[in-house]
Every structure is written in structure tokens, then in C-alpha cells.
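# Per-entry structural report
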Amino acid sequence: MINDCANAPSTGDPSPAVTGAPCDGVGARPVPRPRRPSAVPRRLLVFGLALAVVLSVPGFSYAQALTYPGNATWQMRSVEWLRDHGGGPLVNRIENWYYTANLPTGSAPDQALLPVVTPGVAAAGRALVPPPPTSAGQTPVPREGSWVSGRLDSTGAPAIYTSFFRPDAQYPSVVAGVAWIRARDTSAHLIAGTRQPAGHSWPGGAQVQPGDVPKLVATFNSGWKMSDTHGGFYLAGQRAGHLTDGQASIVITDSGAATIGQWSRDVAMNPHVVAVRQNLALIVDHGRPVSGLDANTGQRWGSYENQHQYTWRSGVGVDAAGDLIYVAGANLTLQTLAAALADVRVVRGMELDIHSALVSFAWWAPTPTGEVGPTKLLPGMERPANRYLTPDQRDFFYLTLR
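As the structure is a prediction and not an experimental result, all values here were calculated from the model. (Residues numbered from 1 in each chain as written. Predicted model: local features only at pLDDT ≥ 70, side-chain atom pairs only at ≥ 80, totals over all residues. Heavy atoms only, no water.)

## Things to note about the confidence of the model for the chain
For clarity, the threshold we go by: The score called pLDDT rates the predictor's confidence residue by residue, from a low of 0 to a high of 100. Any two residues whose heavy atoms approach within 4.5 Å are treated as being in contact.
Taken over all residues, the pLDDT of the chain has a mean of 85, while the share at 70 or more is 82%. With pLDDT under 50 throughout, residues 1–27 is counted as low confidence; its partners more than four residues away or in other chains account for 9 contacts. Across residues 121–126, confidence stays below pLDDT 50; counting only partners more than four residues off in sequence or on other chains, it has 12 contacts.

## Here's the deal with the sheet that holds strand β12 (residues 288–289)
Convention followed: By this definition, two strands are paired if DSSP reports at least two bridges between them. Under the scheme used here, helices are H or I runs from DSSP no shorter than 4 residues and strands are E runs no shorter than 2 residues, and both carry numbers assigned from the N terminus. Interaxial angles span 0 to 180 degrees and are taken between N-to-C directions of axes, which are lines fitted to C-alpha atoms, for helices over the stretch in contact.
Here we have 8 strands laid out as an open sheet, ordered β1-β2-β3-β14-β13-β15-β11-β12, and antiparallel in their pairing. The sheet terminates laterally at β1 (148–149) and β12, the two strands that pair on one side only. The pairing of strand β11 (residues 284–285) with strand β15 (residues 348–354) spans 2 bridges and is antiparallel. Along β15, the bridge assignment pairs V284 with G349. Running over the sheet, helix α5 (residues 334–343) touches β2 (160–165), β11, β12, β13 (311–318), β14 (324–332) and β15 and is turned about 145° from β14.

## Structural notes on the packing of aromatic side chains
Selection criterion: Note on aromatic contacts: the rings of Phe and Tyr and the six-membered ring of Trp form a pair at centre separations within 6.5 Å, being stacked when their planes are under 30 degrees apart, edge-to-face when over 60 apart, and tilted otherwise.
The tally for this structure, following the rule as stated, stands at 12 aromatic pairs. Ring pairs connect the aromatic residues F220, Y326, F361 and F397, which therefore count as one cluster.

## Let's talk about the layout of surface pockets
Note the following rule: The distinction between a cavity and a pocket rests on a 1 Å grid over the protein atoms alone: a 1.4 Å probe fits inside a cavity but cannot get out, while a pocket stays open yet meets protein on both sides within 12 Å along at least five of seven lines, and a residue with an atom within 4 Å of a point counts as lining. Grid points are joined across faces, edges and corners, and a volume is the space filled by probe spheres set on the points. Gly is placed with the polar residues, together with every amino acid not listed as nonpolar (Ala, Val, Leu, Ile, Met, Phe, Trp, Tyr, Cys and Pro) or charged (Asp, Glu, Lys and Arg).
Volume-wise, the largest pocket comes out at about 880 Å³. Taken together, the elements giving at least two residues each to the lining of the largest pocket come down to α3 (74–101), α4 (226–229) and β15. By residue number, the principal contributor to the lining of the largest pocket is α3, which donates 16 residues. For the lining of the largest pocket, the class distribution of residues is 13 nonpolar, 13 polar and 9 charged.

## Digging into the side chain of T229
Inclusion rule: Think of a polar contact as two N or O atoms within 3.5 Å of one another; within protein, one of them needs to be a possible hydrogen donor and the other a possible acceptor, and neighboring residues in sequence only count if both atoms come from side chains.
Within the element layout of this structure, T229 appears in helix α4. A distance of 3.1 Å separates the side chain of T229 from the backbone nitrogen of G231, its partner in a polar contact. Discounting residues that sit within four places of it in the chain, T229 has contacts with W224, Q247, R277, Q278, N279 and L280.

## Some remarks on the pattern of salt bridges
Formally: What makes a salt bridge here is a side-chain nitrogen of Lys or Arg within 4 Å of a carboxyl oxygen of Asp or Glu, nothing more. In this scheme, a residue with accessible area under 20% of its type's maximum is buried, one over 50% is exposed, and one in between is partly exposed, where area comes from a 1.4 Å probe on protein chains only.
Counted under the stated rule, the structure contains 10 salt bridges. Put simply, R387 and D392 hold a salt bridge, and the shortest N to O gap is 2.9 Å. Each member of the pair, R387 together with D392, is buried. Beyond isolated ion pairs, a larger network of salt bridges with shared partners links R265, D266 and D285.

## Some words on the side chain of R151
Applied cut-off: Under the convention used here, Asp and Glu are negative, Lys and Arg are positive, and both His and the chain ends fall outside the count.
Looking at where R151 falls in the secondary structure, it is placed in the loop between β1 and β2. Of the side chains with opposite charge, D153 comes closest to the buried, unpaired R151, at an N-O distance of 9.6 Å. In terms of polar contacts, R151 uses its side chain to reach the backbone carbonyl oxygen of L216, at 2.7 Å.

## Concerning the pairing of strand β3 (residues 176–181)
The buried fraction of β3 amounts to 6 of the 6 residues, a majority that puts the element mostly inside the structure. Alternating residues of β3 divide into A176, V178 and W180 and G177, A179 and I181, and every residue in both groups is buried. Looking at chain direction, β2 and β3 are connected through 6 bridges and run antiparallel. Directly across from S163, in β3, lies its bridge partner V178. As paired elements, β3 and β14 share 6 bridges and run antiparallel to each other. Its bridge partner being in β14, V178 is matched across the sheet by V327.

Written as C-alpha cells, this is what we have:
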């Protein structure tokens, strides 16, 4: 037999010259055959890359939501991103649990959350302001229900009055702010936000027009996201969603007049309409809260049980004279908001937006420097009083002197 180890070349190559049995001489070691690469790491790599791609899609989308132009808190951006990506039912369930479980406390309002009130006087020869709002069976705290005059018109008469009152007999710590705005002294404007409503290049730049700032009387939030309103939005000939019969609607005409009513019953499209904002169904009609608010059958006023949340809410209506009345406050249920609107003599009223990051109202008046400056309707409102002077993600309203 030929000894392969003896005949192996001395080139430093430890491999036998001829394949066969391994060498077993002195110092000789078996040389393993090279193995083929395993397919498992490659499969894991492919799976990992695929997983990274899947995760990067929502990650990239969320990053876009956090950096999208327009004023919005990161909490608001995060919640809306969740809603837009199938998390709406979960968000609704958490909100319903939290806001219905955290009931108002205390037998009196926190004085730090009450506006500073200096009662104003209506000018002679003008229609008097409505009777002051009254608390629901409560003994008024100092300054409660006193009207405060705001921006003056060209004749020296106030174009806006503000006040506060307590609308909930069960929870005496709950406070609502109210603004009464004289229609004949003001012009109304609807501005689209950078994200709401989507679908068009809307006019206005998502902020109060710079030329209108010196004439500002009030700025305030609009309604829910269009995907949740069951209605539509119309501005300067462009539409988002569908203007739906029966829905509560704020309508602005080319004269600057604003009114509120049920679409196709009280208000409808005509050549003079320049803006329409719908939001759910009326909550006050014929001067009284609409029946069924507590049950919310058919989800006419949002997701089921939303109506029972004790949260920041806002609403707007018109009185018998056609003047605008805005009401907002913390720890309001839908029923309490409707009752508050009716208490200040709204004949037709609708809910606007809810939750602290979205409810904003400021009234504007000249400052000692000659410029106009804003004051929050209630000190506890979360967003800055000048919120709408820079682009905002949500649509909103503002009023100017005629």
C-alpha cells in the first residue's frame, strides 16, 4: 500500500496528496472538509430585513406626524396618528374610561382658574346685553355672571362681552366661560388648518390674516376632525367631505355674517355662502337642549359613551337676535354643555371641539402700546391665547370689527 502521508508534497500544504483514509502518523491530524454555508443565517437576515421594512413604515409615518407643519402638541399629534392608523376604537375606549372615571371634585371653583372680571357697561342707545348667566342653583361666587366688555366698535360700544358661570348643579366646582359677540359689529372668518380639513390647498395660510390682526375681536376653535363629523367643510368654492342634510352647521356669507342651524332646514347653500363648517347634530334647538343627548342613539354626537366624558368642551350658538354665543369649560359632559348654551339663551347651538389641547378662545383688545392683545376666555385653557397667529393644524374661526 502506498503511504499517502509519506508521498505528500512538502509545500507546506497539510492536505494528503491522494484522498483516502486520514493520515495517522506522528504529528498528523485529520483535516476537516470545508462545510457549505448554512441557509439558516441567510433566512434570518431576510426575515430581519423584512421586519425592519414593516416596522419602518409606521415609524416613518409617525415621524412625519410629529414634524408636520402647524401648531399642535406632541400628545395631540400622537393620538391623531393612532386614530388615523386604526387605533380609534382603542383611543375612544381609553378616553371614555379616563374622563368618565375622573369626576369633578370640590364644592367651589378654584379661584386661580377664574377670569379677572371688571364689569362693563353697555353704551347708551344700543341694545342691552342679555341677562347675565346664572349658576344652576348655586350661590354665585364673586364676579360670577358679570359681563366684561371687550373690543369696542367705531361708535364706542362693545362688540363682545365675556363672563363665567357654573352650569352644573351636581358639581359646583365646574365653571363655564361665555362670550357674547354682537353680529352687526363683527365679520366672521373660517380658516382651514394645515391638516384639517385635508385634500386641498386652502386659502389663508392656516392662520389669522396679518392684515386682520389689528381688527381682531375673537379667535376660537372649530369642530372635530372631518373624518368624525359625519358632515362637510366648504370654503372659497372648495369642499372637503359632504355637506350633509340634518347636520349642525356654521354658515358665513359674503357680508361676513355668521349663523348656525340645521343644514337644509335652517341654512342651505346659496350664491352668498362663502364658508360652511359642519359638526355632528345640533345640541340646542328652539332654545332647549335636544332630546336624546344622554343616550346618543345612532352616535349622532360622536362615539358611544363620548357624551358622558367629563372633559373640556366647547360649543357655539346664536340667540334670537342672531348674535353669536360661545361657551366652553372643563369637566363638561355633552348634556351640561347643551344646558349651558340654553342658559345663555342660545336658540340653536352645536358642539365644537373637545379636550384640553383643542379648546381655545381668546378675546382681543388694544393694549397700552397701541397693538391688540389676546386674553383667554378662561385662564385654564391650555393653548396660548395667540395660538392662531401662526399656522395651526386645525381649522378655526376668527372675528374682526366691521
